[in-house]
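# Results of the structural survey
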Amino acid sequence: DGPRRCRRLEGEAARAVLANADTLLFDCDGVLWRGEAAVSGAAAVLGKLAAAGKRLCYVTNNSGRTRAAYTEKLRRLGFPPAEPRHIFSSAFCAARYLRQALPPGAAAYVLGSAALAAELEAVGIPHLGPGPAALPGPAPADWVAAPLDPAVRAVLVGFDEHFSYAKLCQALRYLLRGGPDCLLVGTNRDHRLPLEGGAGIPGTGCLVKAVETAAQREAFIVGKPNRFMFDCVAAEFPVDPARTIMVGDRLDTDILMGNSCGLTTLLTLSGVTALDEVRGCQDSSCAARHSLVPDYYVDSIADLLPALGE
Ligand code: PLP
Ligand code: CA
């Protein structure tokens, strides 16, 4: 076998790899679109794949949108119609995880968006937290006197633009009260969200780390590269890893998850990764870096169009 080598996917190999697949998992940002703009030619490629009878699923670490919002965005940008059951966001997968891990009636304290709260509601998990935190007193020392909700048995950390010291205090209080009986769950560890022109904003990983540091314990992460997200897909559809392609733009999330789940991995250079980083991993003497090397790369998924009979 030897260490993985990454090759450009084109010509006859592209036809063969696509013919062998019955399911494709697409990361979203950087693969299908960048922000609000579709990657040129991506919608046409997905249209062809759908017409060829491939199952298309969407796996995203972004916990800031509901599954319904993803189906709407796909429609708006001209992608083939998707149902909510084809969308595996870290918000949906977190709700699914808590549904199986929490006893009936238990609630979650949430650092996250309204979308994350909506996914919890959809599976019947009571929650508190989203939105700006009300300060329970003039100084942090007063906050610890405020009553805690007796039903809370989990702290869930997602993308939260209202993250604050007050929320961090409250999360710690629930974790200290419950001890190991209070679950600590993070949607994902992405450290930075790239914006156009090289700018970036802090990702959810920063918020998860803050809570982990306060509580001195490690969160369970539902998003990529954890295989929990792939397990959610496999619980919904009969997927065969040997006939599944994971398409992504990030090595330490998309490609690592695909490689560790035995999928064929395809990196697209339309997002956050440059080919030099792949070469660096390939040439490294470190086994952990080899697991970041994709099987194939393309400049953009639009490059797959000729292999689909065009
Ligand atoms: N988390 C947040 C809050 C985001 O806005 C994004 C991208 O927009 C991501 C994570 C990464 O999403 P993906 O896994 O689709 O690249
Ligand atoms: Ca991405």
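As a reminder, the structure under discussion sits directly above these lines.
Cut-offs applied
- Residues numbered from 1 in each chain as written.
- Chains lettered and ligands numbered in written order.
- Predicted model: local features only at pLDDT ≥ 70, side-chain atom pairs only at ≥ 80, totals over all residues.
- Heavy atoms only, no water.
- Donors = N, O, S within 2.8 Å, 3.2 Å for Na, K, Ca; no water.
- Buried < 20%, exposed > 50% of the residue type's maximum accessible area, 1.4 Å probe, protein only.
- Helix = DSSP H or I, 4+ residues; strand = E, 2+ residues; numbered from the N terminus.
- Pairing = 2+ DSSP bridges.
- Right-handed = clockwise from strand over helix to strand, strands pointing away.
- Near = heavy atom within 4 Å.
- Polar contact = N/O pair within 3.5 Å; in protein donor to acceptor, adjacent residues only side chain to side chain.
- Areas by Shrake-Rupley, 256 points an atom, 1.4 Å probe, with all protein chains shown as cover.
- 1 Å grid on protein atoms, 1.4 Å probe; cavity = no way out; pocket = protein on both sides within 12 Å on 5 of 7 lines; lining within 4 Å.
- Sits in = over half its atoms within 2 Å of the grid points.
- Points joined across faces, edges and corners; volume = space filled by probe spheres on them.
- Nonpolar A, V, L, I, M, F, W, Y, C, P; charged D, E, K, R; others polar.
- Arc of directions from axis to C-beta.
- Contact = heavy atoms within 4.5 Å.
- Axes fitted to C-alpha atoms, helices over the stretch in contact; angles between N-to-C directions.
- Parallel < 35°, antiparallel > 145°, perpendicular 65-115°, else oblique.
- Left-handed = near helix turned anticlockwise from the far one by under 90°.
- Phe/Tyr/Trp six-rings, centres within 6.5 Å; stacked < 30°, edge-to-face > 60°.
- Lys NZ or Arg CZ within 6 Å of the ring centre and 35° of its normal.

### Focus on the coordination of the calcium ion (ligand 2)
By definition of the ideal shapes, a tetrahedral metal site with four donors has angles of 109.5 degrees and an octahedral site with six donors has angles of 90 or 180 degrees. The calcium ion (ligand 2) binds to the protein through Asp-27 (OD), Asp-27 (OD), Asp-29 (O) and Asp-249 (OD); the donor distances cover 2.2 to 3.2 Å. Mapping the donors of the calcium ion (ligand 2) onto the primary sequence yields the spacing D-x1-D-x219-D.

### Things to note about the pairing of strand β14 (residues 244–248)
Most of β14 sits inside the fold, with five of its five residues counted as buried. By the alternation rule, side chains of β14 split into Thr-244, Met-246 and Gly-248 and Ile-245 and Val-247, which are all buried. Pairing between strand β2 (residues 23–26) and β14: four bridges, direction parallel. When the sheet's bridge partners are listed, Phe-26 is paired in β14 with Val-247. Looking at chain direction, β14 and strand β15 (residues 264–268) are connected through four bridges and run parallel. Bridged to Val-247 within β15 is Leu-266. With helix α10 (residues 251–260) bridging β14 and the parallel β15, this β-α-β connection has right-handed handedness.

### Some words on the site of ligand 1
Ligand 1 sits among Asp-27, Cys-28, Asp-29, Thr-60, Asn-61, Asn-62, Phe-159, Asp-190, Leu-193 and Lys-224. Within the backbone of Asn-61, an N or O atom sits 2.9 Å from an oxygen atom of ligand 1. Within the side chain of Lys-224, a nitrogen or oxygen atom sits 3.1 Å from an oxygen atom of ligand 1. Here ligand 1 loses 84% of its free accessible area of 390 Å² to cover by the protein chains. Counting atoms within 2 Å of the grid points, the majority share of ligand 1 lands in the largest pocket.

### Some details on the layout of surface pockets
The space that makes up the largest pocket amounts to roughly 930 Å³. If you go around the largest pocket, you meet 42 residues; those closest to its centre are Asp-29, Gly-35, Asn-62, Leu-193 and Pro-194. Taken together, the elements giving at least two residues each to the lining of the largest pocket come down to β3 (33–34), α3 (67–76), β11 (192–194) and α10. In terms of residue count, the dominant contributor to the lining of the largest pocket is β11 (three residues). For the lining of the largest pocket, the per-class residue count stands at eleven nonpolar, 16 polar and 15 charged. Along its surface, the second largest pocket is lined by 15 residues, and His-191, Arg-250, Val-272, Thr-273 and Glu-277 are the ones closest to its centre.

### As for helix α1 (residues 11–20)
Listing the buried residues of α1 in full gives Ala-14, Val-17 and Leu-18. Taken end-on, α1 shows its buried residues confined to a sector of 95 degrees, consistent with a single buried face. Seen from the buried face of α1, the exposed residues on the opposite side, beyond 90 degrees, are Glu-12 and Ala-19. Against β2, α2 (42–51), β14, β15 and β16 (296–298) lie the buried residues of α1.

### So, unusual backbone geometry
The omega torsion of the bond from Lys-224 to Pro-225 falls at 10 degrees, within 30 degrees of zero and hence cis. Take Pro-225: it is sitting in the loop between β13 (220–221) and α9 (228–236). The phi dihedral of Gln-216 is positive, around 55 degrees, even though this residue is not glycine. Relative to the helices and strands, Gln-216 resides in the loop between α8 (204–215) and β13. We classify Gln-216 as exposed; its relative accessible area is 66%.

### Here we look at the packing of helix α4 (residues 90–101) against helix α5 (residues 114–122)
At their nearest, the axes of α4 and α5 sit 9 Å apart, and the two run at 40 degrees to each other. In terms of axis orientation, α4 runs oblique to α5. Helix-helix and strand crossings are classified by hand; for α4 and α5 the assignment is right-handed. Of the residues in α5, those touching α4 at Ala-91, Phe-92, Ala-95 and Leu-98 are Leu-116, Glu-119 and Leu-120. Of the residues that constitute the contact of α4 with α5, the class distribution is six nonpolar, no polar and one charged.

### A short note on the packing of aromatic side chains
For the structure on display, the rule yields ten aromatic pairs. Note on Trp-33 and Phe-79: the rings are 6.2 Å apart at their centroids and 75 degrees apart in plane angle, and the pair reads as edge-to-face. Residue Trp-33 is found in strand β3, and its partner Phe-79 is found in the loop between α3 and β6 (87–89); the two are separated by 46 residues along the sequence. The burial state of Trp-33 is the same as that of Phe-79; both residues are buried. A centroid spacing of 4.3 Å and a plane angle of 20 degrees characterise the contact between Tyr-97 and Phe-220, whose relative ring orientation is stacked. You can see Tyr-97 sitting in helix α4 and its partner Phe-220 sitting in strand β13, a full 123 residues away along the chain. The structure contains a cluster of three or more aromatic residues connected by ring pairs, namely Trp-33, Tyr-70 and Phe-79. The aromatic ring of Phe-92 is capped on one face by Arg-67, whose charged end is 3.6 Å from the ring centroid.

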